[in-house]
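Chain residues, written in single-letter form:
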Amino acid sequence: DKQGYNPTKYNRNHLVTGFAMQKFIDPELFQDHVSYAGIPQKCRPLIRMAELYLNLAECQAMLSSDKKSDQFALDALANLNAVHERAGLDPIKVSDLDNLPLIEWIKNERFVELWGEGQRYFDLRRWVIADDYLGEGKNEGLNAIEKLDPSFEEFNKRVLVNQPFRWNKRMYLMPIDYNEIIKNPQLVQA
């Protein structure tokens, strides 16, 4: 169906949010409907240069302690601009940091640059702001499951996603691997 929802055909397999995206997929691979065994392996980036620049900029921004004249802040801005300008945007100037702090510029650039690559969840956990974005009642989507074959305007209405999403503070901690705990008896499980 138009939006991928028809409970008579498939009861559980549909997009609740209405968003379906793929990144780094070659559309020509599936045109001839070859079996999976016949599909050639395509190169896919494991670590992107933009991510390395943004990681370095984030580290330098955290070390700068929000001093605009600090060398760490200037280096962070240079690394951020390397990614920003590659996308064809004007460079971020020191005067722009009056409107938005440097770390917020970096967080926004990570969100935009690494969208759809599986980084966002770990970024939100690292910045300890996951409960602001992943908590109950925070997830919005398109009006994908209200009716079959909706019009464009009906489908594109923003709605809260009716799913049992929850975020607890304990989810910031990952359990330490059992083998690591055995190696060091003084190590306490997270």
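To keep things clear, this report deals only with the structure shown in the data block. Everything numeric here is computed off the predicted structure, so don't read it as measured data.

About the cut-offs
- Residues numbered from 1 in each chain as written.
- Predicted model: local features only at pLDDT ≥ 70, side-chain atom pairs only at ≥ 80, totals over all residues.
- Heavy atoms only, no water.
- Helix = DSSP H or I, 4+ residues; strand = E, 2+ residues; numbered from the N terminus.
- Expected span 1.5 Å × (residues − 1).
- Buried < 20%, exposed > 50% of the residue type's maximum accessible area, 1.4 Å probe, protein only.
- Arc of directions from axis to C-beta.
- Contact = heavy atoms within 4.5 Å.
- Core = buried A, V, L, I, M, F, W, Y, C linked by side-chain atoms within 4.5 Å.
- Polar contact = N/O pair within 3.5 Å; in protein donor to acceptor, adjacent residues only side chain to side chain.

This part takes up helix α3 (residues 102–113). The end-to-end C-alpha distance of α3 is 16 Å, a good match for the 16 Å that 12 residues give at a rise of 1.5 Å each. For α3, every residue scored as buried is listed here: Leu102, Ile103, Ile106, Lys107, Glu109, Arg110 and Glu113. Buried residues of α3, seen end-on, are gathered within an arc of 165 degrees and therefore sit on one face of the element. The inward-facing, buried residues of α3 abut α1 (49–64), α2 (71–86) and α4 (120–126).

All right, on to the nonpolar core then. With 14 residues, the main nonpolar core has Ala57, Ala61, Ala76, Leu77, Leu80, Leu102 and Ile106 as its most contacted residues. Looking at this core, the elements that each hand over two or more residues are α1, α2 and α3. Per-element accounting of this core gives the leading share, five residues, to α2. The residues contacting Ala61, other than those within four sequence positions of it, are Ala76, Leu102, Ile103 and Ile106. With six residues, the next largest nonpolar core counts Trp127, Ile129, Trp167 and Tyr172 among its residues.

This brings us to the side chain of Arg48. Considering the arrangement of structural elements, one finds Arg48 in the segment before α1. Only 2.4 Å separates the side chain of Arg48 from the side chain of Glu113, close enough to count as a polar contact.

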